[in-house]
Amino acid sequence: MDVIETLRRYTLIETPTGDRASLDALAEVLEADAARAGFHTGREDGHLLWSRPGRAGRPLLFLSHYDTVWPVGTLRDMPWLVEDDTIKGPGVYDTKSGLAALLAAASRAGHDGPEIRVLVVADEEIGSPTATGLVRSEAAKAAAVFGMEPPHPDGALKTGRRGSTRARIEVTGIESHAALDPDAGVNAIDELLDQLLRVREFVRPRPVLLNVGTIEGGGRTNVVAGHAHADLGLRFLDPENEEAVLQALTDLVPVRERARVRSTLLAHRATWRPNEAGAALLARVAEVAATVGQSLDGRPADGAADTNTTGAQGIPTVDGLAPRGGGAHARHEWVSAAGIAERVALLEALIGGW
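Before going into details, it helps to say that this report is about the structure given with it. It should be emphasised that the depicted structure is a prediction, and the values quoted were computed from it without experimental measurement.

Taken together, the side chains of Ile 189, Leu 193 and Ile 215 define a hydrophobic patch exposed on the protein surface, amounting to about 250 Å² of accessible area. For Ile 189, the location among the structural elements is in helix 5 (residues 188-203). Owing to a relative accessible area of 32%, Ile 189 belongs among the partly exposed residues under this scheme.

Okay, unusual backbone geometry next. Cis peptide bonds are those with omega within 30 degrees of zero, and the linkage from Asp 94 to Thr 95 qualifies with -5°. Positionally, Thr 95 belongs in helix 3 (residues 92-108). The phi torsion at Asp 84 lies on the positive side, around 55°, for a residue other than glycine. Its location among the elements puts Asp 84 in the loop between strand 4 (81-83) and strand 5 (86-88). A positive phi is found at Ser 128, a non-glycine position, where the angle reads about 55°. Relative to the helices and strands, Ser 128 is located in the loop between strand 6 (114-121) and helix 4 (132-140).

This part is about the nonpolar core. Counting residues in each nonpolar core, the largest one holds 52 residues, and the members touching the most others are Phe 62, Tyr 66 and Phe 146. With nine residues, helix 3 is the single largest residue contributor to this core. Counting 20 residues, the second-largest nonpolar core is a separate cluster that includes Ala 167, Ile 169, Val 171 and Val 261.

Turning our eyes to something else, we now look at the sheet that holds strand 9 (residues 163-172). Across the sheet, which stays open at both edges, the four strands sit in the order 10-11-9-12 with antiparallel pairing between neighbours. Edge strands, defined here as strands with exactly one partner in the open sheet, are strand 10 (208-217) and strand 12 (260-269). Shown here is a sheet whose adjacent strand axes are inclined to one another by a mean of 20°, direction ignored.

Glancing now at the packing of helix 1 (residues 3-11) against helix 9 (residues 337-353). Put simply, helix 1 and helix 9 touch, their axes get as near as 11 Å, and they point 110° apart. Considering their axes alone, helix 1 and helix 9 lie roughly perpendicular with respect to each other. Residue-level inspection shows Val 3, Ile 4 and Leu 7 of helix 1 in contact with helix 9, the latter providing Ala 337, Ile 340 and Val 344. A per-class count over the contact of helix 1 with helix 9 returns six nonpolar, no polar and no charged.

Our next topic: the sheet that holds strand 7 (residues 144-147). Read across the open sheet, the six strands follow the order 1-2-6-3-7-14; overall the sheet is mixed. At either margin of the open sheet sits one strand with a lone partner, and together these are strand 1 (40-44) and strand 14 (317-318). Examined bridge by bridge, strand 1 and strand 2 (residues 47-52) share five bridges and lie antiparallel to one another. The partner of Thr 41 across the bridge, within strand 2, is Trp 50. Set on the sheet, helix 2 (residues 20-36) makes contact with strand 1 and strand 2; between it and strand 1 the angle comes to about 155°.

Here the focus is helix 2. Between its first and last C-alpha, helix 2 extends 24 Å over 17 residues, near the 24 Å set by a 1.5 Å rise per residue. Taken as a whole, helix 2 has its buried residues at Ser 22, Leu 23, Leu 26, Ala 27, Leu 30, Glu 31, Asp 33 and Ala 34. Relative to the axis of helix 2, the buried residues are bounded by an arc of 165° and lie together on one face. Residues of helix 2 that are exposed and angled more than 90 degrees away from the buried face: Ala 21, Glu 28 and Arg 36. Residues of helix 2 that are buried sit in contact with helix 1, strand 1, strand 2 and helix 3. Once helix 2 finishes, Gly 38 follows within two positions and takes phi at roughly 95°, a positive value.

Criteria and thresholds
- Residues numbered from 1 in each chain as written.
- Predicted model: local features only at pLDDT ≥ 70, side-chain atom pairs only at ≥ 80, totals over all residues.
- Heavy atoms only, no water.
- Patch = residues over 30% accessible without salt bridge, like charges linked within 9 Å, V, L, I, M, F, W, Y side chains within 5 Å.
- Areas by Shrake-Rupley, 256 points an atom, 1.4 Å probe, with all protein chains shown as cover.
- Salt bridge = Lys/Arg side-chain N within 4 Å of Asp/Glu carboxyl O.
- Helix = DSSP H or I, 4+ residues; strand = E, 2+ residues; numbered from the N terminus.
- Buried < 20%, exposed > 50% of the residue type's maximum accessible area, 1.4 Å probe, protein only.
- Core = buried A, V, L, I, M, F, W, Y, C linked by side-chain atoms within 4.5 Å.
- Pairing = 2+ DSSP bridges.
- Axes fitted to C-alpha atoms, helices over the stretch in contact; angles between N-to-C directions.
- Parallel < 35°, antiparallel > 145°, perpendicular 65-115°, else oblique.
- Contact = heavy atoms within 4.5 Å.
- Nonpolar A, V, L, I, M, F, W, Y, C, P; charged D, E, K, R; others polar.
- Expected span 1.5 Å × (residues − 1).
- Arc of directions from axis to C-beta.

Next comes the structure, spelled out in structure tokens:
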């Protein structure tokens, strides 16, 4: 398998989250490549589940995703491009090169190792709302979990992640004419702004990242707004502050007597704290890396992924096994060709010799 050509094929099939036709098109290609690498393939709600038999014992689970943040048409002004060691294109770093490297490694590795299971998620970029249960159940069967997300910029693996939650605050007010009878109405936008200020004040003294990502509401300037909502992105360093902030969102009460306020979780990934199980797994991966002439270490990361779920379950987990590069979610996204070769060698050693 020519791994660079494989990555090119994957990149030229654009796969934004939620575009089922585009995702299905890449799924067909991925499943064919996985079958050639010795995997049995299947799907569950658009998520790809592959397995390859091995010796008795609990399997190794590799977690990846095939959705990207890039809409169809991005290739027109962000084309596939290879310049020396740099490969560019939408999704090459996050994380189609990880899929290409994993399948190349599996096709080269022998079948004398443990059973290998692979879960390729279809909605990771929006918090895996339909995949988290599947991630949890697959991880519960595994001896160890390897995340195929990008590594730290220097190639180091990831041994913990901030908790990540997408939440929505919805306000229902009362519509009325903004000039003739304003007091008959209750402005949902005004109520929402006050609620956001409350949340910000609660979060301010805590080690929590808060981003108001979208606000929508109202319709006309001569109508008191009857509905409004805001979507929040929250990142947590520890379970204690995570629990406190999520409870505060649940406990929001209206400032205005006739307004109604409701908070809902759109997606939730628990805080993955570095732990002994993860440290032991990292040490073992580093030993395997040394057998192919590589030096490898790891540290926690700020970004969230499906390994939040497995690490928080207490299952031995490391992430960042995709090739090194940079520019995740950015127009300059790139991956290193040499980094791809390095990861193929490492993954082959992990699969074949664990």
